[in-house]
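Spelled out, the chains give:
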Amino acid sequence: MIKNKLLTLDFSLISNYNSYMETEKIISLAARIREEANRFILAELAQLGIKELAPSHGDILFVLYSSDSVTMGELKKRINRDKSTVTALVNKLVKLGYINRLKDYTDNRVTLVSLTPKGLALKPRFFEISDKLITKIYQGINQEQQISLVVNLERVLKNLKK
């Protein structure tokens, strides 16, 4: 009888250890996927002779490619970053000449962000790199698996935000 209880306890410990390892594995995999994606983006940008941009600038550029201009507040919401991060990214893109920042003429408290001609000229290359990355990510994964992957990753993110 005592022996059975020990076996149950041992299986419980193994189960907890396996759960811990799976948790560590998913977090590690997510971090490694992000690192590899960023490495890919930087290599593609370097091939185009663009060395001043970082993958983190892509979120802002993507939003601006679908809008003429956005407020800083809207940009913060759409890229899901805090105000200080958005400000730093915008400042860098302004300094590099990819975007403009100006006050809204109807409300001086509101700052608008829009693309410059240099930022607009990057658009085809931006989407070319994005398409290459998506193709690479989904290589060997059928459409049903792709959908399932995205749905499950969104569920994981939602769970973590609770």
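For the structure, check the block above.
Residues numbered from 1 in each chain as written. Predicted model: local features only at pLDDT ≥ 70, side-chain atom pairs only at ≥ 80, totals over all residues. Heavy atoms only, no water.

**Q** How would you summarise helix α5 (residues 117–137) if you had to cite specific residues and measurements?
**A** Helix length check: α5, at 21 residues, gives a terminal C-alpha distance of 31 Å against a target of 30 Å (1.5 Å per residue), a fit within 8%. The largest bend in α5 is about 40 degrees, located at K123, with the proline P124 one to four residues further on. Turning to α5, its buried residues number three or more, namely G119, L122, F126, I129 and L133. (Helix = DSSP H or I, 4+ residues; strand = E, 2+ residues; numbered from the N terminus. Expected span 1.5 Å × (residues − 1). Bend = angle between axes of the 7 residues up to and from the residue. Buried < 20%, exposed > 50% of the residue type's maximum accessible area, 1.4 Å probe, protein only.)

**Q** Describe the packing of aromatic side chains, naming the residues involved and giving the relevant values.
**A** Tallied over the full model, the rule gives 4 aromatic pairs. An angle of 65 degrees between the planes, with centres 5.1 Å apart, marks the rings of Y65 and F126 as edge-to-face. Here Y65 is found in helix α2 (residues 57–65), whereas its partner F126 is found in helix α5, with 61 residues between them in sequence. Just as Y65 is buried, F126 falls in that class too. (Phe/Tyr/Trp six-rings, centres within 6.5 Å; stacked < 30°, edge-to-face > 60°.)

**Q** Could you give an account of the sheet that holds strand β1 (residues 69–71), naming the residues involved and the relevant values?
**A** One open sheet holds the 3 strands; their spatial order is β1-β3-β2, and the pairing between them is antiparallel. Looking at the sheet topology across the chains shown, the edges are occupied by β1 and β2 (99–104). Direction aside, the axes of adjacent strands within the sheet are offset by 30 degrees on average. Across 3 bridges, β1 lies against strand β3 (residues 107–115) in antiparallel orientation. Within β3, the residue paired with T71 across the bridge is L112. Each of β1, β2 and β3 is contacted by α2, which is oriented at about 95 degrees to β3, the strand it contacts most. (Pairing = 2+ DSSP bridges. Axes fitted to C-alpha atoms, helices over the stretch in contact; angles between N-to-C directions. Contact = heavy atoms within 4.5 Å.)

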